[in-house]
Every structure is written in C-alpha cells, then in structure tokens.
Amino acid sequence: MQHYKNFIDGKWIESESKEKIKVDDPSTGKVIGEISCAKKTEVDLAVNAAKKSYNSRILVDMPILARAKLMRKIAEETRKVAKEGGELLCYENGKSIGGAIKEFNDVADIFDYYAGLTDKLEGKTIPVSKNIFDYTVLEPFGVSAHVVPWNYPIAMIGRSLACSFATGNSTIIKTAELTPLSATIFAKALINAEVPNGLINIICGYGNEAGSYLVSHQDVNHVVFTGSVATGKKILHSCADKAIPAIVELGGKSAGIVYPDANLDDVLDSARHGIFGVAGQICTAMSRLVVHKSIKDELVDKLVNLSKSLKIGPGIDKNTDLTPVISENQLQKVEGYARSGIQQGAEAAYGGKRVERDGYFMEPTVLNNVSQDMTVAREEIFGPVLSILEYEEQEEAIKIANDTDYGLGAGVFTKDLKKASWTAGHLEAGQVYVNKWFAGSHATPFGGYKQSGYSREKGVDALKSYLQVKNVGISLN
Ligand code: NAD
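Residues numbered from 1 in each chain as written. Predicted model: local features only at pLDDT ≥ 70, side-chain atom pairs only at ≥ 80, totals over all residues.

Asker: Got a minute to help me understand the overall build of the protein chain in this structure?
Answerer: A count of helices and strands for the protein chain gives 14 helices and 21 strands. For the protein chain, whose C-alpha radius of gyration is 23 Å, the value lies close to the compact-globule estimate of 23 Å for 477 residues. Considered along the principal axes of its C-alpha atoms, the protein chain spans approximately 75 × 65 × 40 Å. Looking at the protein chain as a whole, 55% of its 477 residues qualify as buried. Look at the contacts in the protein chain between residues 6 or more apart in sequence, and 70% of them connect residues 24 or more apart. (Helix = DSSP H or I, 4+ residues; strand = E, 2+ residues; numbered from the N terminus. Rg over C-alpha atoms; globule rule 2.2 N^0.38 Å. Buried ≥ 20, exposed ≤ 12 C-beta atoms within 10 Å, placed from the backbone. Contact = placed C-beta atoms within 7 Å.)

Okay, here's the thing in structure tokens:
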C-alpha cells in the first residue's frame, strides 16, 4: 500500500505517533493508501515552520514581481502534476477523472490570476494636515491556518492558499482525513517550484484533534475554514477566544426558481452538473427547484428521463455520469434523508435508494411534491437528491427559496432578463446563477449569506480578508 507523509518545512515528515489514516476508493470501498496522521507534535512543527518563515520576511520582503513569478512557477508546476494528482484525487474522492484533473488545472489558473494582483495591493494617502504625511499599507496577518473539506480538496486548498501567498502570509493547510492523498502531489509541485521552506505546510490529521489544535494554536494569527456550519461555528468560537480573524465558507441549501417561460433544457443541464455532478456533494448544489405549477409535471418528467439516462460508475471511467458518494456513512445519511422525505409525504419520482453494488453509490433521486416543512427541504443533504417544490405567485417563489438558514447559492431560470434581475435582487444568497448553475469563475467573488458564512473567496474581493491595514502618520515638522 502506498504510504504518504506530511509536508512540513519543505520536508516529508512521519508522525511521531506512527498512527496512520487509511484512505479508500469510494467506488469499491477498498483501501488505496494511507497517510501518516498529524498530531499535536506535527501541528507544532508546521506552525513553527510557518512562523519562522514569516519572521524571516522572505515572502514579505521578496520583490513583488519575484513573488508573482514564484506564483506563476507554482501554477506551471501544478499543471505538470495535474494528471498524476488528478488520478489520485479521482480514486480517493470518487469524482470523475476529468473533474479531478480540472481541479488541479483550476488551481494553476487561480495562482496565475492572483500572481497578477500581487503588485496591485495598494494603500492610499490620507490628507491630515500640512505638517503630517499620512499613508496606509496593506500587510499580511502572519501565520494563516487553512482547514479544508473533502469534496473539492485541491480547489479549496488552491483558492485560499493563492490569496494567502499573494498577500505574504505563511500558511499551514490541514487536509480532510477522507481525502488527504492528492494534496501530497500538489506539495510535489511546490517543491518543484522551489517555494522556500516553511512558507507552505500541508498536514493531515483528524479534525477534532489536529484541526481544533491548529486553529486554537497561540502562534496562528488568521484562520480560513471551509466545511460544515457545525464545525465552522466551533472554529469561530475558538478564534473569538484569541480575537483573531476567521474566514468561514460553509454549507448550503440552494434553490433555483423556474419561471413558466424558462428554457427547460437549461434547467436539465444545470441539474446534470448542479445536483448530480460530484454526486451532489457540492456546497452550492442545486438541491431545491422551486417550479411554477404550470410547468412542474413537464419538468419532473424530463428530470426523471435525465436521471434514468445517467450512467452510474467509478469516476475513472470516462463514460460515467454519476459517481459514488464519499463513504458508507455519507451514503447512509443521504439514503436516510431520501427515506425521511418519502415518509413525510414526498413522492420519489425517481431513485431514493442506494445502488446495490460495491462502493458507495446512491441513485440519482428526484423528490416531487416536497413542502417547506420537510427535512429534505431544510437541511443540507450533500448527495444526489433534488427536491421539487411548487409555487404559483412570483413572491411566493422568493419566499420559498429564501426560507432556509443558509444563503450560499441561488438560481433563476427565465428568458426575461428584467425578471431575472428582479429575482436576483430578492434572493438571499452570495451568488445567483441565471439560466446556468455555477455561472462564474475564479475571478468572481464566492461566499455565503446567513449561516453559509461570510468573507469572500475568489476574485479581487477575497484579498481583503488576507490583509490588515496599517496607517502611518509622519510629522513633517
Ligand atoms: P467538516 O466540517 O466535517 O470538515 C471540514 C474540515 O474541518 C475537515 O478537514 C475536518 O477534519 C475539519 N474539522 C472537523 N472538526 C474540526 C474541529 N473541531 N476543528 C477544526 N477542524 C475540524 O465538513 P466536510 O464534511 O469535510 O465538508 C462538507 C461541508 O463543507 C458541507 O457542509 C459543504 O457545504 C461545505 N463546503 C463549503 C464550501 C464553501 O465554499 N462554502 C466548499 C466546500 C464544502
């Protein structure tokens, strides 16, 4: 079995405890590798390495175009390992091979993007009086700890790390225990790019051990967390105890409103990617459709036909449309949600059960006649389960879509752009997709309203959360 280690201070480190985390392939349930499990000792090592590199000012004082050049080198080296890393990601996460390779290439793009912004982090001068020259500079926080989830392990590392690096912070990443392996291939790209030791450290240990110790570590100055609302709240408490800033990117229960004039092919295409892609394990999954009564039957028929047509299988098979969920636990959870929906009165227009085969496969599931009070309409399922809710009046559709504690994504399907814009203005969500779920890119700000979190990742806006403002006033007397 292939054995992997933690990447600390530019070296591969075995955990002192010798404990390992085994990782399986969700399409077979078979173990494919193991990683040395980071404990407090390795967290201390990683934090010390980051602190030492930060205190050396190697990144802070690096000529700004050299920092940008180094980021472009990371991008280039990441592209070179995209195939190798993508394959490992496909096996450990279960997602499609195309999607897994793209994840590495997207991270390369995001490094290129932020490389171009390193020399645009400008302060300002402030008029005070004729005898005072006052200006601001934007400075990093220092040691930044990032805790990432398993659904997009490489993309989540990339989007926060690129900002952290572009702004001069030294970073420790704690990967998710279900998918820690492919990040070691990304670490290889960092070595190949000759990133100075300690600036980026990647460790894996259990969340309630290594994760909680890391975010509460006395030498960590800034935290970035992507994951569930429950863990996010714990992390916010821990950061509050130290009065340090935390970026939190949390879960979602996103709804798309389908107006009577919608092009239903757009809705189907969005369902294919938005709820059946990555087996629905997407924070902005299109998990609810709020559909006008006049077109609901027609759309449900089409969604059933789409579900029937999806080829279920391992991500490594290029013909697969629907890949497995991450684990047996997750499968039981998702199947339990579908069952609860049916028990509470929804109709399984298609699916609703696990697929009887090796691995952790869930049928593509379309639940019709869902009402707002049902658990499936309220809680994040994180599986390929689409709930259909019906409305008659436009205001009612908005009310249903907003009737959730979450506010990550939302969508609207209509040919009428005036109506789309009105709807986007009334939806409580950090991003609104019009006629195409996931419309946006690495350059567009991404984040939540309500309990889905705050701050923004991606785009120019994200950089603000990685920097603090220093004011300098100079007496000219
Ligand atoms: P999770 O909260 O269980 O775990 C996320 C990470 O936190 C893991 O690395 C885990 O080890 C760590 N962790 C767990 N307990 C911790 C603790 N007490 N202290 C510190 N770290 C701890 O989430 P998950 O199941 O891995 O991921 C799925 C969730 O992530 C979903 O809710 C999904 O919507 C969300 N997500 C959000 C975004 C976004 O951008 N908003 C992106 C991807 C995933």
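Asker: Where do I start with the domain arrangement of the protein chain in this structure?
Answerer: Frequently, the measure chosen for interface size is the accessible area that the parts lose on association. With domains assigned, the protein chain is organised as domain 1 (2–250 + 453–474) and domain 2 (255–441). One C-alpha centre belongs to domain 1, the other to domain 2, and the line joining them spans 31 Å. Contact with domain 1, which involves 16 residues of that partner, is made by 16 residues of domain 2. Secondary-structure elements contributing two or more residues to the side of domain 1 that touches domain 2 are helix H3 (82–93) and helix H4 (97–115). Its residues assigned to classes, the side of domain 1 that touches domain 2 comprises seven nonpolar, eight polar and one charged. (Domains from an automatic or database assignment. Nonpolar A, V, L, I, M, F, W, Y, C, P; charged D, E, K, R; others polar.)

Asker: Which parts of the structure should I look at to understand the sheet that holds strand S17 (residues 385–391)?
Answerer: Across a sheet, strands are paired by hydrogen bonds formed along the backbone, either parallel or antiparallel in direction. Ordered by their spatial adjacency, seven strands build an open sheet running S15-S16-S17-S14-S13-S18-S19, and the pairing between neighbours is mixed. Each edge of the sheet is formed by a strand with only one pairing partner; in this case those strands are strand S15 (347–350) and strand S19 (431–434). If you compare each strand with its neighbour and ignore which way they point, the axes differ by 25 degrees on average. Both S15 and strand S16 (residues 365–368) contribute to a ladder of three bridges, which runs antiparallel. Among the inter-strand pairings, Glu347 is bridged to a residue of S16, identified as Asn368. (Pairing = 2+ DSSP bridges. Axes fitted to C-alpha atoms, helices over the stretch in contact; angles between N-to-C directions.)

Asker: Would you mind showing me how to read the sheet that holds strand S6 (residues 125–129) here?
Answerer: With antiparallel pairing, the three strands of this open sheet are ordered in space as S6-S7-S21. If you trace the sheet from one side to the other, it starts and ends with S6 and strand S21 (467–475), each paired once. Between one strand axis and the next, the sheet turns through 25 degrees on average, direction left out of account. In this structure, S6 lies alongside strand S7 (residues 132–140), joined through four bridges in antiparallel fashion. Within S7, the position partnered with Ser129 by the bridge is Ile132.

Asker: Quick question: what am I supposed to make of the nonpolar core here?
Answerer: Nonpolar side chains tend to gather and get buried jointly when the protein is soluble and globular. Residues Met71, Phe111, Val258 and Val290 are the most contacted members of the largest nonpolar core, which totals 148 residues. The biggest single contributor to this core is H4, with 10 residues. A domain-level breakdown of this core finds at least three residues from each of domain 1 (2–250 + 453–474) and domain 2 (255–441). Look past the residues within four positions of Phe111 in its chain and what remains in contact with it is Met71, Ile74, Ala75, Thr78 and Ala162. (Core = buried A, V, L, I, M, F, W, Y, C linked by C-beta atoms within 7 Å.)

Asker: What exactly am I supposed to notice about the site of the ligand here?
Answerer: Of all residues adjacent to the ligand, which total 31 residues, the nearest are Pro149, Gly207, Gly211, Gly227 and Gly251. Considering every element that reaches the shell around the ligand, the biggest residue donor is helix H7 (residues 207–215), with five residues. Here the residues of the shell around the ligand are counted per class, giving 13 nonpolar, 13 polar and five charged. Looking at which domains feed residues into the shell around the ligand, each of domain 1 (2–250 + 453–474) and domain 2 (255–441) supplies at least three. (Near = placed C-beta within 6 Å.)

Asker: What is the right way to read the packing of helix H5 (residues 153–166) against helix H6 (residues 182–192) from this model?
Answerer: Two packed helices can be described by the angle between their axes and the distance between those axes. The N-to-C vectors of H5 and H6 enclose an angle of 40 degrees; their axes lie 9 Å apart at closest approach. Relative to H6, the element H5 lies oblique. For the pair H5 and H6, the sense of crossing is right-handed. Residue-level contacts link Pro153, Ile154 and Ile157 of H5 to Ser182, Ala183 and Phe186 of H6. Here the contact of H5 with H6 is built from residues that sort into five nonpolar, one polar and no charged. (Parallel < 35°, antiparallel > 145°, perpendicular 65-115°, else oblique. Left-handed = near helix turned anticlockwise from the far one by under 90°.)

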